[in-house]
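Here's the letter readout for the chains.
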Amino acid sequence: MRFDRNNLTKLLRSPLLAVGWLASWLVPRDTQLWAFGSGIGFGEGGVSLSSRAVAAGKRVVWLSQRRTGIDAARAAGYPAWPVHSLRGWWITLRASTLVVSHGLGDVNPYAQRGATLVQLWHGVPLKHLHRDAGVTYSLPKFPMSHLAERLLRWGSERAYARITHFVAASEESGRRLASAFGLRDEQLLIAGDPRDDVLLSESIADRRAEARAIIESATGRTLRRRILLFAPTWRDGEPDPVVPTAKEWDDIATYATSTGVTCIVRPHPLAIGAYRETMGDRADIILLDVDLVPDITPVLPACDLLITDYSSIAYDFALLGRPMVYLAPDLEAYQASRGLYEPIELFCGGAPLRTWSATLKRLTELEKPEAARAAQAHAVATAARVHAFQDGRNADRVMAAILGSGAA
């Protein structure tokens, strides 16, 4: 998927907004009905928040664009429907509170006027988003496309202005989100990201065992004692330079086998194809795509070390206080095209690596206690910078704020 093509689809469907706007004046909202949605299906902070909503006496319905999301929500005991079905539209129209984690299209986008909108988002942003990233409002070139881009930007900013609560993990994260979405102070809710509660609740041993069980159940594979997670970000539809070559896949497999590690590969859902095509069937490497495990956060406690680039998964993983390795061969090009909210040296604790050979060498270095302790200290410092709360009660704070606002 590319921004320009997705944006064109939004523009072509914009007349449906008028239909929903009119219906919202005629159809009353049900104060006991809440609708949840997530770009990954059934997951992110909405899972923990929806259980709080049920405990508060709300009727919760999940909406999803993915069949797997609908099935997972129903398996968890929630009514669930396709987001773009007539039923999905009606539920969105009737619900008093709409909770999303990616975009407002996580629930039906054509029936939202008049509802309490809660945007949980999906992590602390590192790369520039929306208003701060020029690519966000791009369109395929056609006559007067520049006017269409201005219309798209105008419509998006009006939609963001309707958000009641935009949840942030900390003041720092809130500043970035406010810049990206043009948020007013009263829209920001600094309460911690509910999706991170799973990293902080129960004992470390219990969290690790549960996370390993999720992977083994989804993949049918037996994991080795230690797990290495490779989780790169999306390149906005451009070729992904961190996809290993055939030889590099062989080198990764050799490293994993020789060190007793299972390597879990988790590409961004929109970039899965390049990894699936090149990885092949290699010992001790598992491709864990979004269809197998939609929500990666509950899996993180099983992982002993993370390799990433510009993904906000590093901010979540930092809560575990475990080492991270940063691979960014396209740093200059990425900074020029997308941009970052903080210096890469701060994010990485130094300069990122540029090649897979350097990355594998770094993994070997981290076998030494001194290097491992330094990497762990960087993770702890990162978590302290971007997470205001580390008590596992983020969903409770968000729920209390929604109910306390009187808007739900």
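The following paragraphs examine the structure supplied in this document. (Residues numbered from 1 in each chain as written. Predicted model: local features only at pLDDT ≥ 70, side-chain atom pairs only at ≥ 80, totals over all residues. Heavy atoms only, no water.)

**A word on the state of the cysteines**
Reasoning step 1: Taken as a whole and assessed by the stated rule, the structure comprises zero disulfides.
Reasoning step 2: Cysteine 303 provides the cysteine sulfur closest to cysteine 263, a residue in no disulfide bond, and the two sulfurs are 9.8 Å apart. (Disulfide = S-S within 2.5 Å.)

**What about the side chain of aspartate 304?**
Reasoning step 1: Considering the arrangement of structural elements, one finds aspartate 304 in the loop between β10 (285–287) and β11 (305–308).
Reasoning step 2: Side-chain polar atoms of aspartate 304 contact the side chain of arginine 208, separated by 3.0 Å.
Reasoning step 3: There is a polar contact of 2.8 Å between the side chain of aspartate 304 and the backbone nitrogen of isoleucine 227.
Reasoning step 4: Not counting chain neighbours up to four residues away, the residues in contact with aspartate 304 comprise Arg208, Arg225, Arg226, Ile227, Phe317, Arg322 and Pro323. (Helix = DSSP H or I, 4+ residues; strand = E, 2+ residues; numbered from the N terminus. Polar contact = N/O pair within 3.5 Å; in protein donor to acceptor, adjacent residues only side chain to side chain. Contact = heavy atoms within 4.5 Å.)

**A few points about the environment of serine 85**
Reasoning step 1: Mapped onto the elements, serine 85 comes out in the loop between β3 (80–82) and α5 (86–94).
Reasoning step 2: For the pair serine 85 and serine 64, spaced 21 residues apart in sequence, the C-alpha separation works out to 9.9 Å.

**With respect to the pattern of salt bridges**
Reasoning step 1: Following the criterion strictly, the structure yields 25 salt bridges and no others.
Reasoning step 2: The closest approach of N and O atoms between arginine 276 and aspartate 289, which form a salt bridge, is 2.6 Å. In this pair, arginine 276 is assigned in helix α10 (residues 272–279) and aspartate 289 in the loop between β10 and β11, connecting sequence segments 13 residues apart.
Reasoning step 3: Aspartate 289 sits in the buried class, given a relative accessible area of 10%. (Salt bridge = Lys/Arg side-chain N within 4 Å of Asp/Glu carboxyl O. Buried < 20%, exposed > 50% of the residue type's maximum accessible area, 1.4 Å probe, protein only.)

**A short note on the sheet that holds strand β8 (residues 226–230)**
Reasoning step 1: Overall, parallel pairing links the five strands, which are arranged β10-β9-β8-β11-β12 in an open sheet. Among the strands making up the open sheet, the edge pair consists of β10 and β12 (324–326). The mean inter-strand angle of the sheet, taken between neighbouring strand axes irrespective of direction, is 20°.
Reasoning step 2: Bridge count between strand β9 (residues 261–265) and β10: three bridges; the pairing is parallel. Of the residues in β10, the one forming a bridge with cysteine 263 is isoleucine 285.
Reasoning step 3: Running at roughly 140° to β9, helix α9 (residues 246–259) makes contact with β8, β9 and β10 of the sheet. (Pairing = 2+ DSSP bridges. Axes fitted to C-alpha atoms, helices over the stretch in contact; angles between N-to-C directions.)

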